[in-house]
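A look at the structure
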Amino acid sequence: MLSPNAEKIIDQYFNLPFPGVDGVRCPYFNNSRKRSRGQLRALVGKGSPKEIVEEAKIISTQYHLGIFENDCSVCKQNLTADDLRKFMIDHDLGIECSGFVSQVLRAHFRETKNIDFTTKLRIYPPAKFFRYIISILRPIENISVRVLADDRNSSVVGLKDVVAGDIITMLETQPTKQRNHVLLIRNIEDNIIDYVHARAWSGDGKYGHGVTAGNIEIIYPKDGLLEQKWTENGQSDNKNETYLEAKRAKVLQIRRLKI
Amino acid sequence: MPSFASVEILQQALVFLIGATALGFVLTPILTAILYKYKILRNAEYDPAMQGEKSAKAGTPIMGGLLVIIVVTAITIVFNWDRRYTYVPIGAMAFSALLGAADDLLNVFGGRRRLRNIKHALILIRVHKKWYMKIWHIITLPWTAFREATTMFGSKQNRGIQVHEKLFLQFVAGAVTAWWVYAKLGASWQTLWIPFDGSVYVGWLIIPIIIFFVMFTANAVNIADGLDGLVGGSLIITFMALGILSWIEGRTAFAPFNMTVVGALIAYTYFNIKPARFQMGDVGSLGLGTLLAINTIAINKTLLLPLLGFIFYVEIFSVILQVLFRRLLGRRLFKMAPLHHHFEMIGWSEEKIVMRFWIIQAFVVIVAVWIALR
């Protein structure tokens, strides 16, 4: 199991702390299309649940969108979780895969090892001075799947050695675009790996995506990840888009951060 | 240290104050009627600060600060015109007010401005068919870069006068003031008064110091002008202190001059208290911010400006810190900047924020006066 605080963060992503409305699952947002630079963490898909909710409040207030009561202490009465998700997606609020994993692991390692793991990662070398300084000041924003999958930051582990807190990295999952993905292993019990991640399936449409949980049932312990049974949103095998993405990935590995 | 204080100067200054207040009250209905007639009104569409009960402010006339500018200019020109002391402060204030007025009017009546970014300019330099346009884009490239750099420090506007244009024109106002102080007021103004420690001769360095303070203070007052009564009430306290300091130091031109501003501000603030009959607009905030800096510099208390204009400096620093936090650390320091919006976001009423800011301003200004008299 992940640490209690890490679990709490995951729960908050599944149920964002909007005052007065329950069940708002955090949507997926990736900044690669919008390419905002020097922006707030919450506006580039890297924010914590609290930061995302805070930004939603501020956007609602700033552009008088009427999501919250005037003092922002509570959402307007007739709002549903779907309304809030739609509002967030329309205003580019959400979390992307590496941001989600980084936020959860930061809470996990703070509690279990009393360290901020983001400061231990090698994000940019000192030779790239400007980027290096930025990565020290804003580590979460600069942690990508590539950084997590870098041999200097993590090492490959076998399927039988996997523990909670390990990550499944998928590099170059599309032939044309530089697209990578990462899943966080939440729990392992009875040969079933529970994972969580932030992503958008093509079938999710404009408003259906977000933080999601799934599992991998280890049927053939001696074989690789792709030979196991992946289930997510009630879909398995080729109907499971996460599995399809894993299949398409040039590099698919289970990794453990060197902390 | 106090040098000379005569009751006659004080009496004269108070007459200016009373006269300015009376003239302000007389002119207010005329100004309000003009603003309504020409529909110089606050437009909610372009104003991100308008939310909840503040949206009731849509349709309120702006450019109410014109009242103070007109009253101060008229009374000073007619009764207190001194080529050595008052004509440059009035000129610089009028210049800044003009800049603010242009911004206010363009915000109300102007269309969206098409502004090219540096990438676009570089592409035009490469691909434009006409050679003279290529040269034009090369010549204006530093200006474009300057504009792009200034957008980092604030929200992107596409109406009115842009930040980089304002900064340039404020630089001109600051430079004129600096020239006046350096060349016209004499060698004693080339020393910088240091609190508790006499003064230090700075020579020509007084020029950049003055330019900085004029630009910074004008923008500080401009930024603080976001709630009904906030800037008007705070400026009354500040100019009152400047008037008292001028009187104590026996500055016969500046004591009445500062009291004239107080009088005009009393009339303005009376009508600006929530629910405001009109709002200051950039015409008032930029003009009065410039005047605040110049009048403080003119009585050689430049280093007291952060205390005399405490609330304004706090407000502008809240914006600077917010931008630094946002750009460098990716998070907010305040829920919203300037600071008064932060307090609004945490649920304080407009009246509570304004009155608390007045109290704080009054206390810090008292401290500033105490330091000045040491």
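Basis of the calculations
- Position numbers for residues count from 1 along each chain, tracking the sequence in the order it is written.
- In the order they appear in the text, chains get letters beginning with A and ligands get numbers beginning with 1.
- Since the coordinates come from a predicted model, pLDDT governs what is reported: local features require at least 70, and pairs of side-chain atoms require 80 or more to be given and counted, while whole-chain, interface and lining totals use all residues.
- Elements are defined by DSSP. Helices are runs of H or I of four residues or more, strands are runs of E of two residues or more, and each kind is numbered from the N terminus.
- When we talk radius of gyration, it's over C-alpha atoms, and the globule rule is simply 2.2 Å times the number of residues to the 0.38.
- Burial is judged by counting other C-beta atoms within 10 Å of a residue's own C-beta: 20 or more means buried, 12 or fewer means exposed, and anything between counts as partly exposed, with every C-beta placed from the backbone.
- Per residue, pLDDT measures the predictor's confidence, with a range of 0 to 100.
- Those domain boundaries reflect an automatic or database domain assignment.
- Only strands joined by at least two bridges in the DSSP assignment are considered to pair.
- Note that contacts rest on C-beta atoms placed from the backbone: two residues are in contact if these are within 7 Å.
- Convention adopted: a line fitted to C-alpha atoms gives each axis, helices being fitted over their contacting stretch, and angles between N-to-C directions are expressed from 0 to 180 degrees.
- Note on angle classes: values under 35 degrees are labelled roughly parallel, values over 145 roughly antiparallel, values of 65 to 115 roughly perpendicular, and the remainder oblique.
- Handedness of a helix crossing follows the sense of rotation of the near helix relative to the far helix, less than a right angle counterclockwise being left-handed and clockwise being right-handed.
- Charged residues are taken to be Asp, Glu, Lys and Arg, nonpolar residues to be Ala, Val, Leu, Ile, Met, Phe, Trp, Tyr, Cys and Pro, and polar residues to be all remaining types, Gly included.
- Summarising the geometry, the arc corresponds to the directions from the helix axis toward the C-beta atoms.
- Each helix should span, by expectation, one fewer than its residue count multiplied by 1.5 Å.
- As used here, a nonpolar core is made of buried Ala, Val, Leu, Ile, Met, Phe, Trp, Tyr and Cys residues. They are joined through C-beta atoms within 7 Å.

Digging into the overall build of chain B
In terms of helices and strands, chain B carries 15 helices and two strands. Computed over C-alpha atoms, the radius of gyration of chain B comes to 21 Å, within 12% of the 21 Å expected from 2.2 N^0.38 for 374 residues, which places it in the range of a compact globule. With the C-alpha coordinates aligned to their principal axes, the bounding extent of chain B is approximately 70 × 50 × 40 Å. Counting every position in chain B, which comprises 374 residues, the buried fraction comes to 45%.

Considering the confidence of the model for chain B
Looking at chain B as a whole, its pLDDT mean stands at 90, while 94% of the residues score no less than 70. This complex was scored by the predictor with a pTM of 0.87 and an ipTM of 0.83.

A word on the domain arrangement of chain B
Entries for chain B in the domain assignment read domain 1 (7–112 + 161–373) and domain 2 (114–157). Relative to domain 2 of chain B, the C-alpha centre of domain 1 of chain B lies at a distance of 33 Å.

Remarks on the sheet that holds strand β7 (residues 235–236) of chain A
Residue and element names in this part refer to chain A. Taken in spatial order, the eight strands line up as β1-β8-β2-β3-β4-β5-β6-β7 in an open sheet, and their pairing is antiparallel. Here the strands that pair on one side only, and so sit at the sheet edges, are β1 (154–156) and β7. Pairing between strand β2 (residues 167–171) and strand β8 (residues 251–257): five bridges, direction antiparallel. Each residue of the ladder has a partner; that of M170, found in β8, is L252. Lying over the sheet, helix α9 (residues 241–248) contacts β2, β3 (181–189), β4 (192–199), β5 (210–217), β6 (229–232) and β8, oriented at roughly 135° with respect to β6.

Overview of the packing of helix α1 (residues 7–37) of chain B against helix α2 (residues 66–79) of chain B
Between two packed helices, what matters for the description is the angle formed by their axes and the separation of those axes. Residue and element names in this part refer to chain B. Orientation of α1 relative to α2, taken along the N-to-C sense of each, is 135°, at an axis distance of 9 Å. Classified by the interaxial angle, the pair formed by α1 and α2 is oblique. The crossing of α1 and α2 is right-handed. Residues F16, G19, A20, L23, G24, L27, T28 and L31 of α1 form the contact with α2, whose participating residues are L66, L67, I70, V71, V72 and I75. Its residues placed into classes, the contact of α1 with α2 shows eleven nonpolar, three polar and no charged.

Some details on helix α4 (residues 81–90) of chain A
All names here are of chain A. Within α4, the full set of buried residues consists of L84, R85 and M88. Each buried residue of α4 lies within a common arc of 100° when the element is viewed along its axis, so the set occupies one face. Taken together, the buried residues of α4 touch α3 (49–62). Phi for D92, located one or two positions after α4, is positive at around 55°.

Concerning the pairing of β3 of chain A
Regular strands show a simple pattern: their side chains alternate between the two faces of the sheet. Residues and elements named next belong to chain A. Two strands pair when backbone bridges link them, and β2 and β3 are joined in this way by four bridges, in the antiparallel orientation. Paired with I168 across the strands is L183, a residue of β3. Pairing between β3 and β4: five bridges, direction antiparallel. Residue pairing in the sheet places I185 in a bridge with Y195 of β4. Hairpin remark: β3 followed by β4, antiparallel, with two residues in the connecting loop; positive phi at D190, about 50°.

Quick look at unusual backbone geometry
All names here are of chain B. Of note, the bond from K274 into P275 is cis; its omega dihedral lies within 30 degrees of zero at -5°. Tracing the chain through its elements places P275 in the loop between α10 (254–272) and α11 (281–298). Here the residue pair A337 and P338 is connected by a cis peptide bond, since its omega of -5° sits within 30 degrees of zero. Of note, M63 is a non-glycine position whose phi angle comes to about 70°, a positive value.

Focus on helix α3 (residues 87–109) of chain B
The terminal C-alpha atoms of α3 of chain B, which comprises 23 residues, lie 32 Å apart, in line with the 33 Å expected from a rise of 1.5 Å per residue. Inspection of α3 of chain B places P89, I90, A92, M93, S96, A97, L99, G100, A101, D103, D104 and N107 of chain B among the buried residues, and these make up the whole buried set.

Concerning the packing of helix α9 (residues 230–248) of chain B against α10 of chain B
All names here are of chain B. With their axes 8 Å apart at the nearest point, α9 and α10 run at an angle of 165° to one another. In terms of orientation, α9 and α10 fall into the roughly antiparallel class. Every pair of crossing elements has a handedness; the one defined by α9 and α10 is left-handed. Contacts between α9 and α10 involve G232, G233, L235, I236, F239, M240, L242, G243, S246 and W247 on the former and, on the latter, F254, A255, N258, M259, V261, V262, L265, I266, Y268, T269 and N272. In terms of residue class, the contact of α9 with α10 is built from 14 nonpolar, seven polar and no charged.

Thoughts on the environment of V182 of chain A
All names here are of chain A. Within the secondary structure, V182 sits in strand β3. For V182 and L171, which are eleven residues apart along the polypeptide, the C-alpha to C-alpha distance reads 8.6 Å. Residues in contact with V182, not counting those within four places in the same chain, are C97, S98, V101, V145, L148, I167, I168, T169 and H197.

Things to note about the nonpolar core
In terms of nonpolar packing, the biggest core is built from 100 residues, with V68, V214, A241, V262, A264, L265 and A368 of chain B touching the most fellow members. By residue number, the principal contributor to this core is α9 of chain B, which donates 13 residues. Apart from the residues within four sequence positions on either side, A264 of chain B is in contact with A20, G24, L67, V68, V71 and V72 of chain B. Ranked by size, the runner-up nonpolar core spans 64 residues in total, among them A6, L16, I67 and V182 of chain A.

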